[in-house]
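Per-entry structural report
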Amino acid sequence: MNDFRKQQGQQKYHGQNQQTQINLRELKRDISGYSKLEDLPAEKVIDISEKLGDHLKIIGLKTSQIRKFLDGVRKLDNLFVRGKNFDKEQVILLKPKLAYAAGRQKEIKPLMEILGPAIDSGAKSYKSFKKLIALIEGIIAYHRYYGGE
């Protein structure tokens, strides 16, 4: 039964591939339009989170896979001690971890496409990094809201 649901999600994904790609480019452009992620308005964070969360649910990505990445980001946040030890190098090094996960599982690739520019922007300041965390948490929340496992 679970394989059947995944196939349905992949069929939906393939049927909407061109439209979905346009939407992903749009989301990426929304994030890239701000030099610092901290300047991204909360309404935009919610909009991006909702659209990407729904998309990831459609293509069959499991919540646990997104949460694994969020756990790594939160571990960094704990090391930064409220911004006092902020290290942009550590934030940038999240990108290869996400790329590795996307290489292992193709459903993670859209998440990587959107979070790549968000990680770059999130590395500019501790406030931007906190906005990156909010974005990832929002993606997980909307993924679950739309029925993601």
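Reference entry: report on the structure contained in this document. (Residues numbered from 1 in each chain as written. Predicted model: local features only at pLDDT ≥ 70, side-chain atom pairs only at ≥ 80, totals over all residues. Heavy atoms only, no water.)

1. Some remarks on the overall build of the chain
The secondary structure content of the chain amounts to eight helices and zero strands. Element order for the chain, N to C, with α for helix and β for strand: α-α-α-α-α-α-α-α. Here the chain holds 149 residues, and the buried ones make up 40% of them. The long-range share in the chain, meaning contacts at least 24 apart out of those at least 6 apart in sequence, stands at 78%. Counting only carbon and sulfur atoms, one obtains 50% of the accessible surface of the chain, whose full area is about 8600 Å². (Helix = DSSP H or I, 4+ residues; strand = E, 2+ residues; numbered from the N terminus. Buried < 20%, exposed > 50% of the residue type's maximum accessible area, 1.4 Å probe, protein only. Contact = heavy atoms within 4.5 Å. Areas by Shrake-Rupley, 256 points an atom, 1.4 Å probe, with all protein chains shown as cover.)

2. Some thoughts on the pattern of salt bridges
Counted under the stated rule, the structure contains six salt bridges. Residues D47 and K51 are paired through a salt bridge, measuring 3.3 Å at the closest nitrogen-oxygen approach. A residue pair is termed a helical-turn pair when its members lie 3 or 4 positions apart in one helix, as D47 and K51 do in helix α3 (residues 42-58) at four residues. Under the relative-accessibility criterion, D47 is labelled partly exposed at 26%. A relative accessible area of 39% places K51 in the partly exposed class. Where K62 meets E149, a salt bridge forms, and the shortest distance between an N and an O atom there is 3.6 Å. Taken as a pair, K62 in the loop between α3 and α4 (63-80) and E149 in the segment after α8 (126-145) lie far apart in primary sequence, 87 residues in all. (Salt bridge = Lys/Arg side-chain N within 4 Å of Asp/Glu carboxyl O.)

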